Amino acid sequence: MWPLSLLLLAAGAQARPLTLDEALATAAAANRTVVAAGWAEREAEGRVEVARSAWSPVLSASSSTGSTSSAGFVAGYPLSSATTTTQSGVGLDVSAASGTTLSLDASLRHDVSTTTSSLGGVESVQEQSNWQGGASVSVTQDLLAPLRTQPSAITVRQAREAGSAATLARERTVNDTLLAVADAWWTCWSANDAVVAL
């Protein structure tokens, strides 16, 4: 009965009765069930996009510091040395449902060596600093990936099925609503025609 009340309210707000096209357009635009079904459809479409872009990134980072010391005698004179090494690295590995893997790695190493010697009563200190860096990029493709059923492929399929179901539910809701509004409009029109005929 709500379509009839919608028509009566809309007709009361206007100086003239609604045409069938106006009643159908008003119902399609203002019906909460139709609007909610449209939202469910858009949500399902979003789930498909999320499932399709399901990369599994893995970010790794490492850092280490080490030092070595040695002391001894060279030709009867004391000699000591100390080396400090700092090494850091970062890596990113990303895998796609298609079996493609992208790896990015970068590393940086810094060595500082200090050597102290005392030859003939004269102490000498030598320091060395050495920097090393590296980066690599690799892309690999698992050629057997299309032959295996992967969880992400299943998720994409399920999301697409949910999207199709949401689209069908929205279309069914729109059609049911428009049918009820058209039925109510024709009932009002027939009643109005009967009153005018009296």
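These figures come from a predicted structure and were not determined experimentally.

(A) Focus on the pattern of salt bridges. Taken as a whole and judged by the stated rule, the model has 2 salt bridges. Put simply, Arg170 and Glu41 hold a salt bridge, and the shortest N to O gap is 2.4 Å. Of this pair, Arg170 sits in helix 4 (residues 151-197) while Glu41 sits in helix 3 (residues 32-52), and the two are 129 residues apart along the sequence. You can call Arg170 partly exposed: its relative accessible area is 23%. Of the residues examined, Glu41 reaches a relative accessible area of 11% and is grouped as buried.

(B) Region of the structure containing the confidence of the model for the chain. For the chain, the mean per-residue pLDDT works out to 79, and 82% of the residues sit at or above 70. Least confident of the elements in the chain is helix 1 (residues 2-13), whose mean pLDDT is 50; most confident is strand 4 (residues 122-141), at 86.

(C) Spotlight on the side chain of Asn31. Looking at the element boundaries, Asn31 is found in the loop between helix 2 (20-30) and helix 3. Of note is the side chain of Asn31, whose polar atom sits 2.8 Å from the backbone nitrogen of Thr33.

(D) Main features of the environment of Trp186. With respect to the helices, strands and loops of the structure, Trp186 is situated in helix 4. Overall, Trp186 belongs to the partly exposed group, its relative accessible area being 41%. As a C-alpha pair, Trp186 and Leu20 span 166 residues in sequence and 8.2 Å in three-dimensional space.

(E) Spotlight on the environment of Ser107. Examined against the element boundaries, Ser107 turns out to sit in strand 3 (residues 100-119). You can call Ser107 partly exposed: its relative accessible area is 39%. In sequence terms Ser107 and Gly134 are 27 residues apart; their C-alpha atoms lie 5.2 Å from each other. Here Ser107 is in contact with Ser88, Gly89, Gln132, Gly133 and Gly134, once residues within four sequence places are set aside.

(F) Spotlight on the packing of aromatic side chains. According to the stated counting rule, one finds 2 aromatic pairs in the structure shown. Both rings, one in Trp185 and one in Trp186, keep their centres 4.7 Å apart while their planes meet at 85°; by these two values the pair is edge-to-face. The class of Trp185 is buried, set by a relative accessible area of 15%. Judged by centre distance (5.5 Å) and plane angle (80°), the rings of Trp186 and Trp189 are edge-to-face. Within this pair, Trp186 and its partner Trp189 are both found in helix 4, separated by 3 residues, close to a single helical turn. Through a chain of ring-to-ring contacts, the aromatic side chains of Trp185, Trp186 and Trp189 assemble into a single cluster.

The rules behind these values
Residues numbered from 1 in each chain as written. Predicted model: local features only at pLDDT ≥ 70, side-chain atom pairs only at ≥ 80, totals over all residues. Heavy atoms only, no water. Salt bridge = Lys/Arg side-chain N within 4 Å of Asp/Glu carboxyl O. Helix = DSSP H or I, 4+ residues; strand = E, 2+ residues; numbered from the N terminus. Buried < 20%, exposed > 50% of the residue type's maximum accessible area, 1.4 Å probe, protein only. pLDDT = per-residue confidence, 0-100. Polar contact = N/O pair within 3.5 Å; in protein donor to acceptor, adjacent residues only side chain to side chain. Contact = heavy atoms within 4.5 Å. Phe/Tyr/Trp six-rings, centres within 6.5 Å; stacked < 30°, edge-to-face > 60°.

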